[in-house]
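Spelled out from the first residue to the last, the chains are:
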Amino acid sequence: MLTAGLVTSRAFPKTLAATGGEKSGVQPVLEEFSYGDVKLASELHNQQLEQTHSVLIGLSEDSLLKPFRQMGGQPAPGEELGGWYKYDPDYDWHTFDAGFAPAASFGQWVSALARYYAITGDRETRDKILRLNRLYAETISADFYDKNRFPTYCYDKLVCGLIDSHQLAGDPDAYRILEHTTNTAEPHMPGKAIEHDHAWRPDKDESWTWDESYTISENLFLAYQRGAGERYRKLGVQYLDDEYYGPLAEGRSDFAGRHAYSHVNSLCSAMQAYLTLGDAKYLRVARNGFDFLAAQSFATGGWGPDELLRAPDSDDVNASLTNSHSSFETPCGSYAHFKLTRYLLRVTRESRYGDSMERVMYNTILGAKPLESDGRTFYYADCNFKGRKVYSNHRWPCCSGTMPQVAADYGISSYFRNARGVYVNLYIPSSVQWTQDGPRISLTQKSTYPFDSLVQFEMTASKPSKFALNFRIPAWAEGASISVNGKRAPDAAIPGSFAKVQRKWKTGDRVELELPLTKRLEPIDPRHPKTVALLCGPLVLFAIADATPVVTAPQLLAAKKVGKQDWQVETAAGPLKMLPFTAISDEQYSTYLVVT
Ligand SMILES: [Zn+2]
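Procedures and definitions
Residues numbered from 1 in each chain as written. Predicted model: local features only at pLDDT ≥ 70, side-chain atom pairs only at ≥ 80, totals over all residues. Domains from an automatic or database assignment. Nonpolar A, V, L, I, M, F, W, Y, C, P; charged D, E, K, R; others polar. Helix = DSSP H or I, 4+ residues; strand = E, 2+ residues; numbered from the N terminus. Axes fitted to C-alpha atoms, helices over the stretch in contact; angles between N-to-C directions. Parallel < 35°, antiparallel > 145°, perpendicular 65-115°, else oblique. Left-handed = near helix turned anticlockwise from the far one by under 90°. Contact = placed C-beta atoms within 7 Å.

Caption draft 1: Structural detail: the domain arrangement of the protein chain. With domains assigned, the protein chain is organised as domain 1 (16–89 + 100–413), domain 2 (417–514) and domain 3 (519–594). The distance between the C-alpha centroids of domain 2 and domain 3 comes to 32 Å. Residues of the side of domain 2 that touches domain 3, tallied by class, amount to four nonpolar, no polar and no charged.

Next up, the structure:
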């Protein structure tokens, strides 16, 4: 196993991401907007943000602190949250629920609150973040890590919460608390990336081998980049999982049998290694990893049935349509998928990463059942022939931590920028504001996409200003077109690329983007060409039926839109209702149909 030392010799400036590596001849990296620069006006997206936030802001601080205090031997008043979050010294992992990962999601919830504050400026939220961080700081103890099955997993999330508190909520003590956390945690962590099921603590049962040290470098590199200190760059290097990355860098898949979410998340660590250290090997790891992942994904964009990655050309994903309902770990998987595709898009400017992000958004996470204040959490999206949306049996599982984080990230995933202009990635009703060489620019986006093909943009500029707008033209959007102030821009919109419109923009300028919502069938894999999903633009249309429908490919492709968000397929046995994931509630559905 390779650890520290391998990639330390390349001295790149820590601001590689910001400077875009222009001095090294590498294509400049697109920058993210700040959370507050983008305002979403989509009911569905805002509902998810507000709904998850209302759960987090309502959680009792004593309850949140309780496992930390109990494990550190301090008085621990207040109710238990229960579920995975609870601390039980007699926990038996065979029960697999209450007490599985005490306090694990605390850091993610603080992170989500910080993102929410950065979006809204809500003072109550910032006050809660500052209180929670200080109360947490009083509990930091070696015992917390010593008694913990997942010391590195918990540490990683605490790092995330504290660096977001610093960056997004302006907590002046966040890095002091981070240092204290790191000093306390480090002696209890393995010191390098250790894969699942490898024992590194003697005399413990197998549940003590499930820690996820191989996925933590991303947040450590982010801590370094955000000024927490050189220590975090070194730790980031130390925990890179080079045993996993080696084959991927060379274009070989080593996916089979690996835990899906955490190893896709680990590709985000590879991207941060690339951005921080400048070593192109790590970009190859993430690009190749993404390609292997895409090849074994469902039409929804989801992946990893039963939480496992598969060998290339495996029949497992097809088999899962019958033998599993645990098709895609939706909140965690989407959170990782959004981050990975955001990194790859920013570095490569390839629109396919945005296409992929969009698919995951509409066909999985945006249709998740809401997080409930008693810890009920939507965990798996179900791609079974007899699928249903259900809550997990477990309360406050991992996905209760990532759901509010991904809900906060829709805005920063929608637009990117560089010195020459702005990239529009997601077509969500919204507005974005920025300064372009002096003038203040505001771009407003309106549509009922993806239920209608027309997306409209309107510009406000404090002074006329020359720059480029780049619009993602999805690979499926054959016949796409762009008009500026009613005049069609010829040959601009090529499916599978960003279409660039450069001009001197002024207030009142309008852009109309026409993205024909082409219907097509996608087979589950090349060996099962008759097992297909029907897509319309970025949407998978799910068949709503209790019995297996008998249908032909031409019948599916002739699906008619019969309402705002519903379609109908005429079959020999009568009409078959088709719905997007966001419009399904508790009815049985099928992602795939076997066409006759
Ligand atoms: Zn999860």
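Caption draft 2: Quick peek at unusual backbone geometry. The peptide bond linking Tyr449 to Pro450 adopts the cis configuration, its omega dihedral lying at 5°. Within the secondary structure, Pro450 is located in the loop between β8 (440–447) and β9 (454–461). A positive phi angle, near 65°, is found at Glu307, a position not held by glycine. Within the element layout of this structure, Glu307 appears in the loop between α13 (280–295) and α14 (316–323). Its identity is not glycine, yet Trp396 carries a phi of approximately 50°, on the positive side. Tracing the backbone through its elements, the reader meets Trp396 in the loop between β4 (380–381) and α17 (398–408).

Caption draft 3: Fine view of the packing of helix α4 (residues 106–120) against helix α7 (residues 151–169). Their axes nearest at 7 Å, the elements α4 and α7 cross at an angle of 20°. Classified by the angle their axes make, α4 and α7 are roughly parallel. Crossing angle aside, the handedness with which α4 passes α7 is left-handed. Contacts between α4 and α7 involve Phe106, Gly107, Gln108, Val110, Ser111, Ala114, Arg115, Tyr117 and Ala118 from the first element and Lys157, Leu158, Val159, Cys160, Gly161, Asp164, Ser165, Leu168 and Ala169 from the second.

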